[in-house]
Amino acid sequence: TMKQSERDAGTIAALMIRLRKYRLPRAERILEKVNRGEILADEDLQFLERVFADARSMKPLVERNPDHLPLVSRMIDLYGDIVARSLENEKNRAR
């Protein structure tokens, strides 16, 4: 049977590809959007919810492979920045 570390390596490789090709570019586009003063669209919120759910489900994987914690932490911070900026934009629009 495959060892846990080998399964983790495969999972991490797949997650890194998804992060690099899809998640990070989309997060950067959303960040640009909120930095222009726009608010999040429903599909943006759904994307962020999926990402946070994935991050929670990855917790055991990261705990077993703590060398990936800085990257995961940076991504969570990026998503947090997006949400905070969007909330700020919504407050500004309500004035």
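Remember, predicted model here, so these are calculated numbers, not experimental data.

Visitor: Explain the packing of aromatic side chains here, please?
Guide: We describe a pair of aromatic rings using the distance from one ring centre to the other and the angle between the two ring planes. The final tally for this structure, using the stated rule, is 2 aromatic pairs. With a centroid separation of 6.1 Å and an interplanar angle of 75°, the aromatic rings of F47 and Y79 are classed as edge-to-face. With F47 in helix α2 (residues 42-57) and Y79 in helix α4 (residues 69-94), the pair connects residues that are 32 residues apart, well separated along the chain. Comparing F47 with Y79, the two get one shared label, buried. Centroid distance F52 to Y79: 6.3 Å. Interplanar angle 70°. Geometry classified as edge-to-face. With F52 in helix α2 and Y79 in helix α4, the pair connects residues that are 27 residues apart, well separated along the chain.

Visitor: Hey, could you run me through the nonpolar core in this one?
Guide: The nonpolar side chains of soluble globular proteins are, as a tendency, buried together. Counting 12 residues, the largest nonpolar core is built from L19, A27, I30, V34, L40, F47, L48, V51, M75, L78, Y79 and I82. Of all elements in the fold, only α1 (4-35), α2 and α4 reach the threshold of two or more residues within this core. If sequence neighbours within four positions are ignored, A27 has contacts with F47, L78, Y79 and I82. Formed by 6 residues, the second largest nonpolar core is a distinct cluster that contains I12, L15, M58 and V72.

Visitor: Would you explain the packing of α2 against α4 in this entry?
Guide: How two helices pack is summed up by the angle between their axes together with the distance between the axes. Remark: α2 packs on α4, axes separated minimally by 11 Å, with the N-to-C direction vectors making an angle of 150°. Our classification of the angle between α2 and α4 gives roughly antiparallel. Every pair of crossing elements has a handedness; the one defined by α2 and α4 is left-handed. Residue-level contacts link F47, L48, V51, F52 and A55 of α2 to I76, Y79, G80, I82 and V83 of α4. Among the residues making up the contact of α2 with α4, the classes are represented as 9 nonpolar, 1 polar and no charged.

Visitor: Looking at this structure, how should I read the side chain of D8?
Guide: Locating D8 in the fold gives a position in helix α1. Residue classification places D8 among the buried positions, given a relative accessible area of 4%. Of the polar contacts made by the side chain of D8, one reaches the side chain of N65; its length is 2.9 Å. Beyond its immediate chain neighbours, meaning those up to four positions away, D8 contacts L61, R64 and N65.

Visitor: What is the right way to read the pattern of salt bridges from this model?
Guide: Between side chains of opposite charge, pairing is possible as soon as their charged atoms come close. The full count for this structure, using the stated rule, is 6 salt bridges. The salt bridge involving R23 is made with D54; its shortest N-O contact spans 2.6 Å. Taken together, the positions of R23 in helix α1 and D54 in helix α2 put the pair 31 residues apart, joining distant regions of the chain. Taking relative accessible area as the criterion, R23 reaches 13% and is therefore assigned buried. Note that E38 and R36 form a salt bridge whose closest N and O atoms lie 3.0 Å from each other.

Calculation criteria
- Residues numbered from 1 in each chain as written.
- Predicted model: local features only at pLDDT ≥ 70, side-chain atom pairs only at ≥ 80, totals over all residues.
- Heavy atoms only, no water.
- Phe/Tyr/Trp six-rings, centres within 6.5 Å; stacked < 30°, edge-to-face > 60°.
- Helix = DSSP H or I, 4+ residues; strand = E, 2+ residues; numbered from the N terminus.
- Buried < 20%, exposed > 50% of the residue type's maximum accessible area, 1.4 Å probe, protein only.
- Core = buried A, V, L, I, M, F, W, Y, C linked by side-chain atoms within 4.5 Å.
- Contact = heavy atoms within 4.5 Å.
- Axes fitted to C-alpha atoms, helices over the stretch in contact; angles between N-to-C directions.
- Parallel < 35°, antiparallel > 145°, perpendicular 65-115°, else oblique.
- Left-handed = near helix turned anticlockwise from the far one by under 90°.
- Nonpolar A, V, L, I, M, F, W, Y, C, P; charged D, E, K, R; others polar.
- Polar contact = N/O pair within 3.5 Å; in protein donor to acceptor, adjacent residues only side chain to side chain.
- Salt bridge = Lys/Arg side-chain N within 4 Å of Asp/Glu carboxyl O.

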